[in-house]
Amino acid sequence: MSLIPLDTVPRALPTPAPALAAAPPAVPAPATSSRAARPPSVRGRTRWALTLLPLLLIGAWAAVDRHTVREGGVRLAAADPWWLAAALLFTCLGWVAAACVRQGAVLDRLPPGLLLASQFAAGAANHVLPASIGAHAVTLRFLQRQGIPLPRATASLALYSLVKPVAKTLVLLVFLIAFPDLLRLGELVPDERTVLLVTGAVTAGAVTAALLVTTVRPLRRPALDCVRTALTDVRLLHRRPARIAALWGGSAATPLLQGSVIATVGFSLGLPLSWAQVVLALLLASTAVGAVPAPGGIGPVDAALVFTMAAFGAPVALATTTVIGYRVLTVWVPLLPGALVLSALVHRRVL
């Protein structure tokens, strides 16, 4: 038995508490895009806002221009329904022609149904924003959703905007050669002052664009890339007969279909002009003032069209009624369905 006092015996040290397991080093979360980082409710509200925006714009415009809609509807109610049905058919064929031109300006094959729906929706957007900005924005978004890069999509819009006036000018020249007796319109020939003003405006626009591209460095490279892409696509597109037919054939058919709509609306109201006279009046009016940046060309083209048809011998009141009926049939009748299709495409993320 040990004689060492118990007080001097070293006691066992207390067992330390088990240490917490060392946490593994934090792995940084993968970077997410700002769209994925948003709460789902925010994304949903944004999508619904974009979906309802076309309807709100159409409603506001309808409230402002309700007098024209009411007057045109009353006048069309007394028109010949069979001629109006023919005008509606030509209106629908106009959307098909626009879809053909869009397909002809792109190398990739686009889904026909969605392409036609996008052009129907682009028609509603085109009548809200000036200078075809709305239609181009819808088409650009559609092309990007189909996997076409932004430079090529922008180049296709530039090609579309270039081919349409060239094709319309060629159609105008054909009409002037085929119907020389119709051109007895000394009043429609612009005077020297008007020609100088138009030439000066076109020259000033071209010089301004060239100066911006050459002096502003951030604009230089995107502009050169767009031009380079456009030239490449134009060369490749014109090696394919199907694309040539769609691009140039659709561009040439567009003014003929528009003139056919005006002619059939006029026939339903008793307009004393032939189909060739009405189409030529549209070609002359749209060529003269088509560059004015009005939504859908409404306003300047309408006034020039009434003046041109009156110069051909139509009564001014009847020509005005024809133009109002044409606008109601091609703008207001498909406007609400077009806005609904636009909203549906946005909601389904096709746009």
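A brief report on the enclosed structure follows. (Residues numbered from 1 in each chain as written. Predicted model: local features only at pLDDT ≥ 70, side-chain atom pairs only at ≥ 80, totals over all residues. Heavy atoms only, no water.)

Let's shift gears to the packing of helix H4 (residues 81-104) against helix H5 (residues 112-126). Across the interface, H4 lies against H5 with an axial gap of 9 Å and an inter-helix angle of 115°. By crossing handedness, the relation of H4 to H5 is classed as right-handed. Residues Trp-95, Val-96, Ala-98, Ala-99, Arg-102 and Gln-103 of H4 form the contact with H5, whose participating residues are Leu-115, Leu-116, Gln-119 and Phe-120. Along the lines of polarity and charge, the residues of the contact of H4 with H5 split into 7 nonpolar, 2 polar and 1 charged. (Axes fitted to C-alpha atoms, helices over the stretch in contact; angles between N-to-C directions. Helix = DSSP H or I, 4+ residues; strand = E, 2+ residues; numbered from the N terminus. Left-handed = near helix turned anticlockwise from the far one by under 90°. Contact = heavy atoms within 4.5 Å. Nonpolar A, V, L, I, M, F, W, Y, C, P; charged D, E, K, R; others polar.)

Let us look at unusual backbone geometry. Phi angles above zero are rare outside glycine, and Arg-349 is one such case at about 65°. If you trace the backbone, Arg-349 turns up in the segment after helix H14 (335-347).

To continue, consider helix H12 (residues 300-311). Between its first and last C-alpha atoms H12 spans 17 Å; for 12 residues at 1.5 Å apiece the expected length is 16 Å, and the two agree. If you check which residues of H12 are buried, you get Val-301, Asp-302, Ala-304, Leu-305, Val-306, Thr-308 and Met-309. (Expected span 1.5 Å × (residues − 1). Buried < 20%, exposed > 50% of the residue type's maximum accessible area, 1.4 Å probe, protein only.)

Residues Phe-175, Leu-271, Leu-273, Leu-305 and Met-309 are the most contacted members of the largest nonpolar core, which totals 34 residues. For this core, the secondary structure elements donating two or more residues are H4, helix H7 (150-178), helix H10 (241-269), helix H11 (275-289), H12 and helix H13 (316-332). Of all hydrophobic cores here, the second largest spans 18 residues; its members include Leu-110, Ala-153, Leu-345 and Val-346. (Core = buried A, V, L, I, M, F, W, Y, C linked by side-chain atoms within 4.5 Å.)

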